[in-house]
Amino acid sequence: MSHGSTETAEPNLTALLDLVMQLLMFFLIVANFVVEQNNQDIKLPEATTAVPIEKDLKQTLAVNIDMDGNLVISETDKKASDVQILRYMQDQYQLFSRNPDVKMDDVAVVVRGDSRADSGHIYRVMKSAKDAGFKNVNLRANRFAPAGG
Amino acid sequence: MFGKGKRSAPKEVEVDLNRVVTPMLDMTFQILFFLIMNFRLPTPEGQVDLLLPKEDEGQPLQQQEDKLDKDKKDEYRLRLEIYRNAGDDSQGTIRQMTWKLKEEQDAAPINEREPSNDKDEYNQKLSPKLYGLVVKLREYQPKEGGKQPTIKIEFDNKLRYSELLKVMDVLRKMKFTNVGVMPIPKGK
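Scoring rules and cut-offs
- Residues numbered from 1 in each chain as written.
- Chains lettered and ligands numbered in written order.
- Predicted model: local features only at pLDDT ≥ 70, side-chain atom pairs only at ≥ 80, totals over all residues.
- Axes fitted to C-alpha atoms, helices over the stretch in contact; angles between N-to-C directions.
- Helix = DSSP H or I, 4+ residues; strand = E, 2+ residues; numbered from the N terminus.
- Parallel < 35°, antiparallel > 145°, perpendicular 65-115°, else oblique.
- Left-handed = near helix turned anticlockwise from the far one by under 90°.
- Contact = placed C-beta atoms within 7 Å.
- Nonpolar A, V, L, I, M, F, W, Y, C, P; charged D, E, K, R; others polar.
- pLDDT = per-residue confidence, 0-100.
- Buried ≥ 20, exposed ≤ 12 C-beta atoms within 10 Å, placed from the backbone.

Focus on the packing of helix α2 (residues 82–98) of chain A against helix α3 (residues 119–132) of chain A
All names here are of chain A. Taken N-terminus to C-terminus, the directions of α2 and α3 make an angle of 45°; their axes are 8 Å apart at the nearest point. What the angle tells us is that α2 and α3 run oblique. As α2 packs across α3, the resulting crossing turns out to be right-handed. Where α2 approaches α3, its residues D82, I85, L86, M89, Q90 and Y93 are matched on the opposing element by R124, V125, S128, A129, D131 and A132. Its residues assigned to classes, the contact of α2 with α3 comprises 7 nonpolar, 2 polar and 3 charged.

This is how it looks when you write it as structure tokens:
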């Protein structure tokens, strides 16, 4: 009994591999790796006059303020009261000032406040930063067109 | 001894390339999946510089670019009053803006204006309240290289932060650089 010859059909993976590699390259290049200090849950307000972030700012202390006005250190650590916020700022100031490589005049406190928060809550964080000894403060905003209001 | 036997040709080794590629493709797909799942569009984040208040100046915060004019005649107060207990989306938004010289007692309300006839694209998108502010500020707008008036924004603590930024945005757009913010003083 004679057997017929069997032919195997293998898909050509080269084109697929090329495509996958290109996608991989794209996502690797544009990947916006989450900076630990920048809380992505904060919905920043919009300001067309906000200027691009200074790249030469060597030392920054980013503080995130959620919509309830809490200073967010991590998911489980939030500072709600004025005393807690001031103490946190003082601790951070001490940490910076102990570092001999840091000039305190160059340290900037970056306030990332949620657009839905009360202005009073943002203000108390800025004031705490000032009371703790920080000299530079800047606010973060999304550079979009005005949305009326 | 030698040469008599037929020399056998080396065996051809077949390499199945498809099998070699498969694990790599699997791994690549996993990496791709991870990257796609964690992909976030980068936001165009920018900064708004501020200078913290001096000890002797009390509360106000102002921008870094220019020092405050010491001439108090050029110091204006822009007060932002808000909707309270509205129970809807307007809660915490600007109800009315008033304007006054620091030394004056009476503050004048800033009237709403329709921006539809303005040629400026930015102004056209503003709300009537903010456009009213633009019209008001035109009277005080400094000429190029001229003296900057000082404007302090007094805000209610419950004012939504986004609303405050919108007002600051209008002021910066109109080239006012001596702008400070402070809560409405208690009892006023």
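Description of the confidence of the model for chain B
All names here are of chain B. Of the residues in chain B, 76% reach a pLDDT of 70 or more, and the chain-wide mean stands at 76. Element-level pLDDT for chain B is lowest in strand β2 (residues 61–62), with a mean of 50, against a maximum mean of 90 in helix α3 (residues 128–138). With pLDDT under 50 throughout, residues 62–71 is counted as low confidence; its partners more than four residues away or in other chains account for 24 contacts.

Description of unusual backbone geometry
All names here are of chain B. At K175, a position not held by glycine, the phi torsion is positive, near 70°. The residue K175 is located in the loop between α4 (161–173) and β7 (179–183) in this model. Residue K175 is classed as partly exposed on the basis of its C-beta count, with 14 C-beta atoms lying within 10 Å.

Side note on the environment of B:V181
Here B:V181 shows up in strand β7. Expressed as a C-alpha distance, the spacing of B:V181 and B:D74, which sit 107 residues apart in the sequence, is 16 Å.

Regarding the packing of α3(B) against α4(B)
Residues and elements named next belong to chain B. As a packed pair, α3 and α4 sit with axes 10 Å apart at the nearest point and diverge in direction by 30°. The orientation of α3 with respect to α4, classified from their angle, is roughly parallel. Note on packing geometry: the crossing formed by α3 with α4 is right-handed. Residues L130, L133 and V134 of α3 pack against K166, V167 and V170 of α4. Classifying every residue of the contact of α3 with α4 gives 5 nonpolar, no polar and 1 charged.

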